[in-house]
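Chain by chain, the residues run as shown.
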Amino acid sequence: MSSTGNVLPQGAGYGVGIGLFFSAFMLLLTTIQARYTAFSPKSSEEFSSASRSVKPGLIASGIVSAWTWAATLLQSSAVAYKYGISGPWWYGAGATIQVLLFAMLAAKLKLNAPYAHTWLEIVGTRWGKTAHLIFMFFGLATNIIVSSMLILGGSATVTDLTGMNTLAACFLIPLGVVIYVIVGGMRSTLLCDYTHTTVLFAIILTFVFTVYTTSPKIGSTRRMHELLTAAAGASPVPGNAHGSYLTMRSKDGLIFGVINIIGNFATVFQDQAYWQRAIASRPETTVKAYLLGGLAWFAIPFTFATTLGLSAVALRGDPDMRPLSAADVSAGLPAAAAAAALMGQAGAAALLVLLFLAVTSATSAELIAVSSLLTYDVFKKYIKPNATDSQLLQVGHYMVGLYGLVMALAGLIFFYIGVSMGWLYTFMGVILGSGVVPIALCITWSKANKWGCIIGSIAGFCAGLLAWLVTTSTLYAGVINVTTTGGEQNFPMLAGNLASIGVGGMIATVTSLIWPDDFDFDITRAINNPSATNPNPVKSEEMKQEGKTEAEDFERKEEIREREEAASPSVIDSTIATEEQEELDPVKLKSAFRFAAWSSLGLLLVLIILIPLPLFFAQTIYGVGGLSAWVIIGMIWTFMSAFSVVLYPLWESREALHQIGAGIIKDIFVKGSGKYVPPFTSQA
């Protein structure tokens, strides 16, 4: 990484890195929620799944936020810097379709396992311990790789802009997030997501209008076109039509697109963070939330990279634009350099805040996701199957803190061995891709063959690594290191990604067609189903305690009391449960699945085939009018996205906001009078 003077003082890095002001703000929101609404993070169900009651607008906002990693902002700008306008398209479209297709899995989740806490619970119930442990490896590996990219991208940019020590950045970035996630749980994470998404769109639109309307350095699409044309003349892009930045005909851009699509299938389908949002959502609106969130998210990398990624190219040679080495580009620094060159300290500060919010929001999603996996799929499944609600909540808190430390260590290890965010981003599909198809089949298809899916995931994993290493060795005369395995040539990563998802998917599908299982999804529908639990847990537990010592009897009665409290739902829980039962109508959910299938597959066809491929084969070099249309489409999409995930959640939550406002006003005039009180309490 180049060493240059830092745009911002080091104190800014430590202030943003710690982020205690943001943690304090989120703790305040959690306190207000607990005081003025019926939702309190003191139950494990509310902590891990927000009582499965979240409306579609907030879920969509959460999806946008959780899917906006450091890489979304930094890597998308880096590929725009390397490949031109094709980079933002392939980054955005190649990572949008997974969220759209996940709408189908979300509908099937509500149909086939509506009360599951994690996707691994479904795998374990259907295929047993061996499959549960194997796919747990894929799930946790996904979380570790995603978390490492967050820490690597965040720390690299903070260090570049402020000079903050990288080691300190790796540990301080997760610190503030751990605090508010432990206190507030899943609903706190979603509120954080909404806050982040709101600021995110405001800052992106600021950059867009600065670059294309007011900046003295660029200021218009015509000037941008002139600068990009000059940059291509001075340094043509290898593999692009006429070496231009203004064409979709980019060989390396297309290869990146394929790698991007495969890798992101792995990180969506195997990341508990996305399943968590499906679990937390209302059954009736799950599909709507994922389709809305996916379409809204596309605007972020597409518009951001078309703005700052292309600006970094256009400003080459400008006295305020520092030179970028290959290592800088791999670390995702073109966006930071362009922001500082365009707007000075204000631009650097805006990008720093933007990056902080992206990293903390996605980090909170990963923390609550891993906490749920370790709580329900390790502690409850293998250590204490009869754990009480308070014990599960306590373990969930511990796991959030533990994984915060693991995140920091993983990011630090990758940093010191020389692995950048860009390298890790293209590598993730090599080791994770083989589990994508088996997991999807497990949730959606009764005929999925257990051993075929298990063997397919392992064989695909091995095939991906083998193809990756063999291709590297062949292209680089036997030299295998970080540079050759993921350098300028994307072929090793492409081979590994294709082999991993292809072999895993082929074996799982073919074996299921030849030797189909006949699984009854009623078994998974019974997971954590309240109606399937013992109707009189206290009595049955008391009967088991006959003959125990007095001390043991006292301990057991305390556990029974806790379970009885957990089994006696509050008024709001009972209301939600009644509404949820109505929404779990199989006919409605099957209809939602069909809608999700047609919608997501249709959008996939448009985003991956109908728009980019004809433009690729046409070899068109866009003029000023073409670039202007490209930028205006990005602006319009961004405004529509902001409306759908910033304003729409406020509208759908207007009753809750009115309730909170009324409670605060009552407390101001008569202390204690505004606190939420249930209409009636259940009898013990």
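Residues numbered from 1 in each chain as written. Predicted model: local features only at pLDDT ≥ 70, side-chain atom pairs only at ≥ 80, totals over all residues. Heavy atoms only, no water.

Considering the overall build of the protein chain
At step 1: Each helix and strand counted, the protein chain has 29 helices and zero strands in total.
At step 2: Per-residue burial over the protein chain gives 58% buried out of 684 residues.
At step 3: In the protein chain, once contacts between residues fewer than 6 apart in sequence are set aside, the share between residues at least 24 apart is 84%. (Helix = DSSP H or I, 4+ residues; strand = E, 2+ residues; numbered from the N terminus. Buried < 20%, exposed > 50% of the residue type's maximum accessible area, 1.4 Å probe, protein only. Contact = heavy atoms within 4.5 Å.)

Focus on the confidence of the model for the protein chain
At step 1: Scored by pLDDT, the protein chain has a mean of 83; 82% of the residues are at 70 or more.
At step 2: Across the protein chain, element-level confidence peaks in helix α10 (residues 221-234) with a mean pLDDT of 95 and bottoms out in helix α23 (residues 537-544) with 42.
At step 3: Taken together, the stretch residues 534-548 has pLDDT below 50 and engages in nine contacts with residues farther than four places along the chain or on a different chain.
At step 4: Within the model, the stretch residues 562-572 combines pLDDT values under 50 with 16 contacts to residues more than four positions away or in other chains. (pLDDT = per-residue confidence, 0-100.)

Observations regarding the environment of Val-123
At step 1: Its location among the elements puts Val-123 in helix α7 (residues 119-127).
At step 2: Owing to a relative accessible area of 1%, Val-123 belongs among the buried residues under this scheme.
At step 3: The sequence separation of Val-123 and Leu-133 amounts to 10 residues, and the corresponding C-alpha distance is 9.4 Å.
At step 4: Contacts of Val-123, omitting those with residues within four sequence positions, involve Gly-128, Ala-131, His-132, Phe-135 and Cys-442.

As for the environment of Leu-627
At step 1: When you line up the elements, Leu-627 lands in helix α28 (residues 624-652).
At step 2: Distance from Leu-627 to His-225, taken between C-alpha atoms, is 7.2 Å for residues 402 residues apart in sequence.
At step 3: Beyond its immediate sequence surroundings of up to four residues, Leu-627 is in contact with Thr-221, Met-224, His-225, Leu-246 and Tyr-622.

Focus on the packing of helix α13 (residues 286-314) against helix α26 (residues 586-610)
Between two packed helices, both the angle of their axes relative to each other and the distance between the axes serve to describe the pair.
At step 1: For the pair α13 and α26, interaxial distance at closest approach is 10 Å and the crossing angle is 15 degrees. Our classification of the angle between α13 and α26 gives roughly parallel. In terms of crossing hand, the pair formed by α13 and α26 is left-handed. Packed against α13, whose contacting residues are Val-287, Leu-291 and Leu-295, the element α26 presents Ala-592, Phe-595, Ala-596, Ser-599, Ser-600 and Leu-603 at the interface.
At step 2: When the residues that make up the contact of α13 with α26 are grouped by side-chain class, the tally is seven nonpolar, two polar and no charged. (Axes fitted to C-alpha atoms, helices over the stretch in contact; angles between N-to-C directions. Parallel < 35°, antiparallel > 145°, perpendicular 65-115°, else oblique. Left-handed = near helix turned anticlockwise from the far one by under 90°. Nonpolar A, V, L, I, M, F, W, Y, C, P; charged D, E, K, R; others polar.)

Quick notes on the packing of α13 against helix α15 (residues 334-383)
At step 1: Between α13 and α15, the least distance of the axes is 9 Å, while the angle of their chain directions is 140 degrees. By the angle between their directions, the pair α13 and α15 is classed as oblique. Contact residues: α13 offers Phe-304, Leu-308, Ser-311 and Ala-312, while α15 offers Pro-334, Ala-335, Ala-338, Ala-339, Leu-342, Leu-351 and Leu-354.
At step 2: Classifying every residue of the contact of α13 with α15 by side-chain character gives 10 nonpolar, one polar and no charged.

Topic: the packing of aromatic side chains
At step 1: Applying the stated rule across the entire model yields 32 aromatic pairs.
At step 2: Their ring planes at 55 degrees and their centres at 5.4 Å tell us that Phe-302 and Trp-630 sit as a pair that is tilted. Of the two residues, Phe-302 sits in helix α13 while Trp-630 sits in helix α28, which places them 328 residues apart along the sequence. Pair check on accessibility: Phe-302 and Trp-630 agree, each one buried.
At step 3: On the numbers, 5.2 Å between centres and 75 degrees between planes, the contact of Phe-415 with Tyr-416 is edge-to-face.
At step 4: Using a relative accessible area of 34% as the deciding quantity, one classes Phe-415 as partly exposed. (Phe/Tyr/Trp six-rings, centres within 6.5 Å; stacked < 30°, edge-to-face > 60°.)

As for unusual backbone geometry
At step 1: Backbone geometry at His-242 places phi at a positive 55 degrees, although glycine is not the residue there.
At step 2: Secondary-structure assignment places His-242 in the loop between α10 and α11 (251-269).

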